[in-house]
Each structure stands twice: as structure tokens, then as C-alpha cells.
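These are the residues of each chain, in order.
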Amino acid sequence: MRPTTHSIALTLFGFTAGAAVVSALDQLPSIKGAADADHQAQEASPVANQPSAPGFADAVAAAAPAVVKVYAKGSVDSRPRSSGQARGEMLASTLSGAQPNRAQTRLGSGVIIASQGLIATNGHVVRDCDEIKVELVDGRMRSAELLGIDDATDLAVLRAPLPELAPIALGDPSKLRVGDVVLAIGHPYGIGQTVSLGIVSATGRSRLGLTEIEDFIQTDAAINPGNSGGALVDTAGQLVGIATAGLSESGHAEGVGFAIPSTLVMQVVESIADHGQVDRGWIGLGGRSVTGELERRFGLRASSGVLVSSLVENGPAAAAGLRAGDVITAFAGTEITDASQLRELITATPPQREVPLVLWRGSERIEVSVRAAEWIAADRRDVASTARPERE
């Protein structure tokens, strides 16, 4: 029987398809070789080796070994509290899970500053504690000696000599800009060392009522209970601050945290390590950075400097003749640009040293000398009320 046209077409199609398959099989080695070549080219390409998103593993690896867990066992103490101690207790109760005047173990963090075992932490973590221990990330634990607490900044210095310590590298917080990325490393909630990511929200934050000397770095990196005393580092893993507080209505991190700049931390650490206390100058005045708005409102002749807003009665500045409404433009030969800079210069001045000031009183330029005194705690001050500077 002769095959029909339809069956012949199917046969030809089958033959053609079969030939195509055979041809493709013959070309498989060359196809595989081309694919291998493409794969090798991709591996050699620097673009292909780049991560899909930037990471901070190198920064964490550099800084994390210097961040320790701090255990501080407190005791019941019913003695009267100074204002500095009261602020410390408030921080302890809201940030470290401790309750004032109750015996319990507080959990916080600390940062190894020097290979000799010097560790910076917060004062509210270790204040009124009978026993302090630190635990390193490698699991080593050691009792720590409290060298001193600076109530004005809520900083404390511990010593825990251990071999092979890795002190943290120091950064420059003065170079931080709003929007820069920072990392908070600490031991929140006792779950182990934790890293949180955020940005710098502000610098030079003050008038928060947390400490007497306030020049905080504000960040939205999570600062939870247990993070107090931990490290705030830049993307190179360098210390730019010590985490101190987080504002929250819920008790959990809400993106408003504060850290003490590392420059101020080092001043306190070095002073306490050398002398057991901070020898801080004080002249007894409060002031505001001169802004364009203040300049227009009060008719100031100076476009920069510090407008004196309050004076301590019988304090050094008042005794030297300063008045509310004066604008300080130079301190010990250094031009003053803002209140934070003036505060740093004053506190760095040794007590009993006499320093020259340049100020403007209305349209008059005045030079005076002020003898710095030893820092006086807030609860021993009698501040003269000067609600508003008068125009002259």
C-alpha cells in the first residue's frame, strides 16, 4: 500500500526534527565551552565581585572586640542623693532596667580605651555598686576596679587588666555631619553583643536635663536597655561616642538616642586615670550661641559668639563684672563661635588660672580677666535669675 501524502509529510518532519537534535547534540561541547568562558569572564570582572549592597562587617570586626558587657551588683542605699546622683538613678531606671534603691544586678556595656585595661562606661551603670565585672566577647570575665565617676558627664572609668586586650581606635566626632552613618555596639537586654545601624541626627544636643555637661551626638541607631556605656562608631570602626541615653515613651528604642562625643570621653578618662577625678574649670555663667535671630532681636553688634543669659551669684564671671546680655567673642585668645566651644574651653581651664575674655556690651568692646574656679555641682549653685538680656 502506497503511503499517503499526509504520512509522507509526517515522515519528513520526523526526519528533519531528528536531524536537528543530532546537530544540537554535536554542538553541545562548543555551547558548554562558551558558557564556561562567559562564567569565567564574569568571575574576573571587578563589577561582578562587588557586593550587591554596602556592608559594615569590617567596621564591626574592628570595633566589636573592644566592647564589653558590664555586670554591676548594686546595694540598697537610703542616703540623700545629690542632683547628679538623682539624674544617674533616673538613667539607670529607664535605660538599664535597674530600680533606684533596690539591690540587684545592672547590665550595661563598656568600651576598652587602653591596653592597660581602662574601660569607659556610664556612671549610672556602676554607681553605688559593690561588685563590678566585665565580660569580653571571647568569653573571658574579670572583676573590675572603679577608678572614678564624673557626675557632670555621667561617665565612669573602670580598670580590668587582662592580657591581649584590643583597645578601640579613636575617631573624630567633630567631623560628623548630620546624615553620616554610625553603628551602635553594645549588650542590650542581656542577649549578647548586638549592632544597630543609624545615622547622625544632630550634633551638639544640650538642655536635655540628662547631665550637667551636655554636648550629645543624636542618632537613630537603636540604643536599648543595656546599651548604656557601649560604643558609637563610624563606618571605619572608630569610636566617636559612648552611648548614654535613649528617649522613649514605651521603654524601647524609638530612634532618638544620645552619645557622649569621644573627645569628651577621653578627657574624662585621662583625668580620672591620672588623678582619680576630673579637674574641671568653671566660671559660673550660662549662654546661648549667637544666631542671626538673636542678633536682630537684641540688636547685637557681634554676629558670632556667646550671649550671656545667666550668671551664678558671686561666681567668677559675675565677680569679673560680666552681665547678662554681654556677648563673649574671645576666650584666652581663641575666637568664640558657639556655646559648645566656649564650654569646652572653660572646662579645660585649670582651676585658679586667670584667662582674658573679649566681650561686647552694646556697642562697647570690653576686655576683662576671669579667674577660673573648681567645678561646682549644680546642687551647690545659687543661680541669679536673668530671664531676658536687656538691650543697651
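Residues numbered from 1 in each chain as written. Predicted model: local features only at pLDDT ≥ 70, side-chain atom pairs only at ≥ 80, totals over all residues. Heavy atoms only, no water.

Considering the environment of Gln218
Positionally, Gln218 belongs in strand S10 (residues 216-219). Expressed as a C-alpha distance, the spacing of Gln218 and Ala243, which sit 25 residues apart in the sequence, is 9.7 Å. Filtering out sequence-adjacent residues up to four positions away, Gln218 remains in contact with Ile199, Val200, Ser201, Ala202, Arg205, Val256, Gly257 and Phe258. A distance of 2.6 Å separates the side chain of Gln218 from the side chain of Arg205, its partner in a polar contact. (Helix = DSSP H or I, 4+ residues; strand = E, 2+ residues; numbered from the N terminus. Contact = heavy atoms within 4.5 Å. Polar contact = N/O pair within 3.5 Å; in protein donor to acceptor, adjacent residues only side chain to side chain.)

Here we look at the sheet that holds strand S2 (residues 105-114)
If you trace the seven strands from one edge of the open sheet to the other, you get S5-S4-S1-S2-S3-S7-S6, paired in antiparallel fashion. Single-partner strands in this sheet number two, and they are strand S5 (141-143) and strand S6 (145-150). Here the average twist between neighbouring strands, direction ignored, is 30°. Taken together, the five bridges between strand S3 (residues 118-122) and strand S7 (residues 155-159) define a ladder with antiparallel strand orientation. Each bridged residue has a counterpart across the sheet, and for Asn122 the counterpart in S7 is Leu155. (Pairing = 2+ DSSP bridges. Axes fitted to C-alpha atoms, helices over the stretch in contact; angles between N-to-C directions.)

Side note on the pattern of salt bridges
Following the criterion strictly, the structure yields ten salt bridges and no others. Residues Arg140 and Asp138 are paired through a salt bridge, measuring 2.9 Å at the closest nitrogen-oxygen approach. Residue Glu293 is joined to Arg297 by a salt bridge in which the shortest nitrogen-to-oxygen separation is 2.7 Å. Taken together, the residues span about one helical turn, with Glu293 and Arg297 both in helix H7 (residues 292-298) at a distance of four residues. (Salt bridge = Lys/Arg side-chain N within 4 Å of Asp/Glu carboxyl O.)

Description of the side chain of Glu135
In this structure, Glu135 sits in strand S4 (residues 129-135). Despite its burial, Glu135 pairs with no opposite charge; the closest candidate is Lys69, at 4.2 Å N-O. Only 2.9 Å separates the side chain of Glu135 from the side chain of Tyr71, close enough to count as a polar contact. In this view, Glu135 contacts Val68, Lys69, Tyr71, Arg140 and Met141; residues no more than four positions away in its chain are not counted. (Buried < 20%, exposed > 50% of the residue type's maximum accessible area, 1.4 Å probe, protein only. Lys, Arg positive; Asp, Glu negative; His and termini not counted.)

Re unusual backbone geometry
At Asp128, a position not held by glycine, the phi torsion is positive, near 55°. Summarising the element assignment, Asp128 is placed in the loop between helix H5 (123-126) and S4.

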